[in-house]
Amino acid sequence: MVNVFDGLIDRFLLSSSEFEQKLQTVRAEQWSRPTPCTEWNVRQLANHMTRGNLSYVRLLHGGDSAEFLRLRDVDALGADPVGAYVSSVRECARAFGQDGAMQRVLDYPLGPVTGRQALAVRITDSTVHTWDLARAVGAEESLDAGLVAWIDEHLDEIYAGLAETPTAADTTHRFFAAPEGTLPHDASQQLRLLHRMGRTPGAAH
């Protein structure tokens, strides 16, 4: 029987690489552009991704949910946004690759989770925010089909037991945007996933 959480480090590196590729295309005048995440511009989205990686490492090292939320918007990019992001990816992958990291129980803001489940949530976040970044700067919006399929087919397992999930009808939408409208019956798996995560991929740039 296939374990949903097998190969997480590889999936994390793949999703992070896709985000990095989009980040490398950002021009100087685009850092202040709005993104589909209405509270963030491009730089703030890049900071969310970078700070998020570092905060997941902190959780593995004993950090708590209050610290995670307190640091959520603190600048982690400095003068080199791409370099800071790449460094955070390496640090996060290294931390989750340590012996016992996947089994450790973390004090995550949405509830206690194992390192394994936390990294699965991180992969989901990274993949969806890659689309957000691409939409914001006019880059290619196609996501890795394997990542999309894995997330779309296992969202229930990825978010199992958490206080808020993108799959629950009664979620508060504090952390996840609510889906809007309906999709055509022949919508692609990527479009279906993005819609479930509160995106409107059919909207114009």
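Residues numbered from 1 in each chain as written. Predicted model: local features only at pLDDT ≥ 70, side-chain atom pairs only at ≥ 80, totals over all residues. Heavy atoms only, no water.

A. Structural context of the pattern of salt bridges. Summed over the entire model, instances satisfying the criterion amount to eight salt bridges. A salt bridge links glutamate 141 to arginine 135; the nearest nitrogen and oxygen atoms lie 2.6 Å apart. Both residues of the pair, glutamate 141 and arginine 135, belong to the buried class. If you follow the salt bridges from partner to partner, you end up with Asp152, Arg192 and Arg196 in one network. (Salt bridge = Lys/Arg side-chain N within 4 Å of Asp/Glu carboxyl O. Buried < 20%, exposed > 50% of the residue type's maximum accessible area, 1.4 Å probe, protein only.)

B. Summary view of the packing of aromatic side chains. What the rule picks out here adds up to four aromatic pairs. With centroids separated by 5.7 Å and ring planes inclined at 65°, the aromatic side chains of tyrosine 56 and phenylalanine 68 adopt a geometry described as edge-to-face. Separated by 12 residues along the polypeptide, tyrosine 56 in helix H2 (residues 42–60) and phenylalanine 68 in helix H3 (residues 65–70) bring together distant segments of the chain. Taken together, a centroid distance of 5.7 Å and an interplanar angle of 75° make the contact between phenylalanine 68 and tyrosine 108 edge-to-face. Taken together, the positions of phenylalanine 68 in helix H3 and tyrosine 108 in strand S1 (residues 105–108) put the pair 40 residues apart, joining distant regions of the chain. Residue phenylalanine 68 is classed as buried on the basis of its relative accessible area, which comes to 11%. Among the aromatic residues, ring-to-ring pairing joins Tyr56, Phe68 and Tyr108 into one connected group. (Phe/Tyr/Trp six-rings, centres within 6.5 Å; stacked < 30°, edge-to-face > 60°. Helix = DSSP H or I, 4+ residues; strand = E, 2+ residues; numbered from the N terminus.)

C. Structural context of the side chain of threonine 124. Here threonine 124 shows up in helix H5 (residues 115–137). A distance of 3.0 Å separates the side chain of threonine 124 from the backbone oxygen of alanine 120, its partner in a polar contact. Apart from residues no more than four positions distant in its own chain, threonine 124 is found in contact with Ile151, Leu155, Ile158, Tyr159 and Met197. (Polar contact = N/O pair within 3.5 Å; in protein donor to acceptor, adjacent residues only side chain to side chain. Contact = heavy atoms within 4.5 Å.)

D. Local environment of empty space enclosed by the protein. This model, assessed by the stated rule, comprises one cavity of 30 Å³ or more. Taken as a whole, the largest cavity encloses approximately 30 Å³ of empty space. Forming the boundary of the largest cavity are Ser55, Arg58, Leu59, Gly63, Asp64, Glu67, Phe68 and Leu71. Broken down by secondary-structure element, the contributors of at least two residues to the lining of the largest cavity are H2 and H3. Per element, the largest residue contribution to the lining of the largest cavity is three residues, and it comes from H2. A class-by-class count of the residues in the lining of the largest cavity yields three nonpolar, two polar and three charged. (1 Å grid on protein atoms, 1.4 Å probe; cavity = no way out; pocket = protein on both sides within 12 Å on 5 of 7 lines; lining within 4 Å. Points joined across faces, edges and corners; volume = space filled by probe spheres on them. Nonpolar A, V, L, I, M, F, W, Y, C, P; charged D, E, K, R; others polar.)

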